[in-house]
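Breakdown of the fold
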Amino acid sequence: MLQPEAVAAMTARRNVRARLVAPRRFELADRPVGRVREGGALVRILGCGVCASSLPLWEGRPWFDYPRPAGEPGHEGWGIVEAVAPDVTELSPGDLVATLGLDALAQYLVCPATECVRLPHRLAGRPFPGEALGCGFNVVRRAGLEPAQRIAVVGGGFLGLLVGAIAHHLGAVVVVASRRAQARQLAEQLGAAATIDSNDPETALARARRLAPKGWDCVIECTGLQAPLDLASELVRERGRLVIAGYHQDGRRQVDMQSWNWRGIDVVNAHERDPARYRQGIQEAARAAAEGWLRPEQLVSHSFPLEEVGAAFELVGRAPDGLTKAVLRMD
Ligand SMILES: [Zn+2]
């Protein structure tokens, strides 16, 4: 714990934060760091991932108000604890943490200590977009995988590639479908036994049928879009499982209920809303990275300084081949 004078000196520091003032327009605001209150911690943010699920907020939708609170929508932050309130015992200055809040597009973050997840020190110096990595582990847990099961992952973005890598590590035989050539290549490096080019739905389905005529035990949809959801639905074997991990947030979806029904498939919506689950997923990801079989840097394709936050969101919006995860680096 730091002496009060040290804390006072620290909180007088300037903190540059990104603020989304209007759709597609970030501004940087420079304010003092602010006081650490009871139960709180001051974290120097080292980096923060840009999440595709934040794109509607960036692009603008009628139901969002602007300007947004400073630091939003940075929910994939990691950093170093610089100070904690006197009553905080579970964290110490110097701890490496992932942050659970929404406002990590900033140099510093003052947050409840309960919104920090401690990471092993050996991960220092490496990118660790905690919430995004934890999400992959939570999805795989909800999928209830068993070793030697045949798994198809539909979507070769960050989540699809991560889920494929975890499933492979757990002993599943993994196939990844993606429209993007570099993503398919990376999926193979991460352990996929085969990949499917999903640019043309009919060709994709034909290749899938050749690979597994009776379908897959478990199909994990990781895109949040209608067409890949259709493909994913088709690939599930009788009594198999369809896991929906994509974030379907732009309206209703249509599903072939007759076919789901006939095949008797289980359908799982693999999102979590309980902070304890986020924490669990992040801890599992941290353990995997410390053990060395998960290398987060393999999944981070682009890095921007905080001043280029707009360019980072623009890139994620375009989702060119070769993009897996863009991160902002404040270190
Ligand atoms: Zn995210």
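Residues numbered from 1 in each chain as written. Predicted model: local features only at pLDDT ≥ 70, side-chain atom pairs only at ≥ 80, totals over all residues. Heavy atoms only, no water.

On to the sheet that holds strand β9 (residues 173-178), then. With parallel pairing, six strands are arranged side by side in an open sheet as β10-β9-β8-β11-β12-β13. Sheet topology places β10 (194-197) and β13 (266-269) at the edges, where each strand pairs with a single neighbour. Geometrically, the sheet is characterised by an average inter-axis angle of 20° between neighbouring strands, direction not taken into account. Relative to β13, strand β12 (residues 236-244) is paired through four bridges, and the arrangement is parallel. Paired with I244 across the two strands is N269, which belongs to β13. Relative to the sheet, helix α3 (residues 130-143) contacts β11 (216-221), β12 and β13, its axis offset from that of β12 by approximately 150°. Relative to β10, helix α5 (residues 181-189) is tilted by about 165°, and along the sheet it contacts β9 and β10. (Pairing = 2+ DSSP bridges. Helix = DSSP H or I, 4+ residues; strand = E, 2+ residues; numbered from the N terminus. Axes fitted to C-alpha atoms, helices over the stretch in contact; angles between N-to-C directions. Contact = heavy atoms within 4.5 Å.)

In this section: the coordination of the zinc ion. The protein atoms that coordinate the zinc ion are C51 (SG), H75 (NE2), E76 (OE) and E131 (OE), at distances spanning 2.2 to 2.5 Å. Coordination at the zinc ion comes from four donor atoms whose angles at the metal span 91 to 169°, giving a geometry best classed as irregular. We classify H75 as buried; its relative accessible area is 11%. Its relative accessible area of 1% is what places E76 among the buried residues. (Donors = N, O, S within 2.8 Å, 3.2 Å for Na, K, Ca; no water. Tetrahedral: all angles 85-135°; square planar, octahedral: opposite > 155°, others 65-115°. Buried < 20%, exposed > 50% of the residue type's maximum accessible area, 1.4 Å probe, protein only.)

Counting 49 residues, the largest nonpolar core has L119, F128, V163, I220 and V243 as its most contacted members. Sort the elements by how many residues they give to this core and helix α4 (residues 158-169) lands first, with eight residues. There are two domains that each give this core at least three residues, and those are domain 1 (4-129 + 300-329) and domain 2 (132-269). Apart from the residues within four sequence positions on either side, I220 is in contact with V139, A143, I151, A152, V153, V154, V163, V243 and A245. F26, C48, V97 and V316 belong to the second largest nonpolar core, which has 39 residues in total. (Core = buried A, V, L, I, M, F, W, Y, C linked by side-chain atoms within 4.5 Å. Domains from an automatic or database assignment.)

On to the packing of aromatic side chains. For the structure shown, the criterion picks out five aromatic pairs. Ring centres 5.5 Å apart and planes at 40° place the aromatic pair W58 and F313 in the tilted group. Of this pair, W58 sits in helix α2 (residues 55-59) while F313 is found in helix α11 (residues 309-318), placing the two residues 255 residues apart along the sequence. Here W58 and F313 have matching classes, each one buried. Through a chain of ring-to-ring contacts, three or more aromatic side chains come together here, namely F26, W58 and F313. (Phe/Tyr/Trp six-rings, centres within 6.5 Å; stacked < 30°, edge-to-face > 60°.)

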